[in-house]
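# An overview of the molecular structure
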Amino acid sequence: MLPLVTGEDKSILCQKTKLVTDPLSPEIQELLPKMIVTMHKEHGVGLAAPQINIPLRLAVAEVEKKQYFLINPEITSRSQELIVSEEGCLSLPGEFFPILRSETVTVRYINEKGLPKKLRASGFLATVIQHEVDHLDGVLILHRFLKQEKKQKNLPYDQPL
Ligand SMILES: [Zn+2]
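Summarised in this report is the structure supplied together with it. This one's a predicted model, so the numbers in the text were calculated from it and none came from an experiment.

## Quick word on the packing of aromatic side chains
Inspection of every chain in the model, using the stated rule, returns one aromatic pair. With a centroid separation of 5.2 Å and an interplanar angle of 35°, the aromatic rings of F97 and F145 are classed as tilted. In this pair, F97 is assigned in strand β5 (residues 97-102) and F145 in helix α3 (residues 141-152), connecting sequence segments 48 residues apart. When its relative accessible area of 10% is taken as the criterion, F97 is described as buried.

The structure is reproduced here in structure tokens:
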């Protein structure tokens, strides 16, 4: 069980992560099952490394009893069709925001065996993957929600998230 970082003011949660250089290193191989255990204990469906104070491009997820080990994930395509869902986050306990995301995405990543993978995901799995990749880019649902609100109200905003 790894301690969670919580609060939108924590810098580790708001910075871009570094690529994992060796997915098969003992450090990473020991970390992955610990992340799964922590995610289960916290009743989450995903957990990104910055949430446990590790600034690496790495996340785990579990949807419909299938586990995903997303090492160095990159979303390579996003559908124009959007879906909105009420999202929560282990780093923002008790806070929920309606977040608009692509209905379908394609993600490339390295799996826990060090193999390159390409996954096309839709619906809830696509939402979870986008949420976790956001973490790896230093973006929390609070930030995304505020950006969405500004866009809807047609207010100017300086930089893309
Ligand atoms: Zn989260």
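## Section: the pattern of salt bridges
Tallied over the entire structure, the rule returns seven salt bridges. The residue D137 makes a salt bridge to R57 at a minimum N-O spacing of 3.0 Å. With D137 in the loop between α2 (123-136) and α3 and R57 in the loop between β1 (46-48) and β2 (58-63), this residue pair connects regions lying 80 residues apart in the sequence. One continuous salt-bridge network, built from bridges that share partners, spans K16, R57, E74 and D137.

## Remarks on the side chain of S79
Its place among the elements puts S79 in the loop between β3 (66-78) and β4 (82-87). Residue S79 is classed as buried on the basis of its relative accessible area of 15%. There is a polar contact of 3.1 Å between the side chain of S79 and the backbone nitrogen of E103. For S79, the residues in contact, after removing those within four places along its chain, are S102, E103 and T104.

## A short note on unusual backbone geometry
Positive phi outside glycine occurs at H43, with the angle close to 60°. Here H43 is to be found in the loop between α1 (26-41) and β1. For H43, a relative accessible area of 71% corresponds to the exposed category. Notably, E64 is not glycine yet its phi reads approximately 50°, a positive angle.

## Some words on α2
Side chains of residues three or four places apart in an α-helix project in the same direction, reflecting 3.6 residues per turn. Spanning 14 residues, α2 covers 20 Å between terminal C-alpha atoms, matching the ideal 20 Å at 1.5 Å per step. Along α2, 13 of the 14 residues are buried, which leaves the element largely enclosed by surrounding structure.

## A word on the pairing of strand β6 (residues 104-110)
Within β6, five of the seven residues are buried, which leaves it mostly tucked inside the rest of the structure. Direction of pairing for β3 relative to β6: antiparallel, over a ladder of five bridges. For I75, the partnering residue across the bridge sits in β6 and is V107. Sheet topology note: the β6/strand β7 (residues 116-122) ladder contains seven bridges and is antiparallel. Bridging from a neighbouring strand, I110 pairs with P116 of β7.

## Focus on the nonpolar core
Residues L32, M35, L47, L58 and V60 are the most contacted members of the largest nonpolar core, which totals 16 residues. Elements represented by at least two residues in this core include exactly α1, β2 and β3. The biggest single contributor to this core is α1, with six residues. In this structure M35 touches L2, L47, A48, A49, I52, L58, A59 and V60, once residues within four positions along its chain are discounted. Counting 15 residues, the second largest nonpolar core, distinct from the first, contains V63, Y68, L70 and A121.

## Comments concerning the sheet that holds β6
Spatial strand order, β1-β2-β3-β6-β7: five strands in an open sheet with antiparallel pairing. Both edges of this open sheet fall to β1 and β7, since each of them pairs with a single strand only. For this sheet the average axis-to-axis angle between neighbouring strands, irrespective of direction, equals 40°. The strands that α1 touches are β1, β2 and β3; relative to β2, the one it contacts most, it runs at about 45°.

Definitions and cut-offs
Along each chain, the written sequence defines residue order, and numbers are assigned to residues from 1. Reporting in this predicted model follows two pLDDT cut-offs: at least 70 for local features of residues, and 80 or more for side-chain atom pairs to be given and counted; totals over whole chains, interfaces and linings ignore these cut-offs and use all residues. As a rule here, side-chain values cover all heavy atoms of the structure and leave hydrogens and water aside. Only Phe, Tyr and Trp rings are paired, with Trp represented by its six-membered ring, and only when their centres lie within 6.5 Å; those with planes under 30 degrees apart are stacked, over 60 edge-to-face, the remainder tilted. Each helix is a run of DSSP H or I of at least 4 residues and each strand a run of E of at least 2, with the numbering of both proceeding from the N terminus. Buried, partly exposed and exposed residues are distinguished by accessible area as a fraction of the type maximum, computed with a 1.4 Å probe on protein chains only: under 20%, between the cut-offs, and over 50%, respectively. Just to be clear on terms, a salt bridge is a Lys or Arg side-chain nitrogen sitting within 4 Å of an Asp or Glu carboxyl oxygen. Nitrogen and oxygen atoms within 3.5 Å of one another constitute a polar contact, given that in protein one can donate a hydrogen and the other can accept it, and given that sequence-neighbouring residues count only through two side-chain atoms. The contact criterion used throughout is that any non-hydrogen atoms of two residues lie within 4.5 Å. Given a helix with a known number of residues, its expected span is that number minus one, times 1.5 Å. Any two strands with at least two DSSP bridges between them are considered paired. Here, nonpolar core means buried Ala, Val, Leu, Ile, Met, Phe, Trp, Tyr and Cys residues that are tied together by side-chain atoms lying within 4.5 Å of each other. A fitted line through C-alpha atoms represents every axis, and for helices the fit uses only the stretch in contact; the resulting angles, taken between N-to-C directions, go from 0 to 180 degrees.

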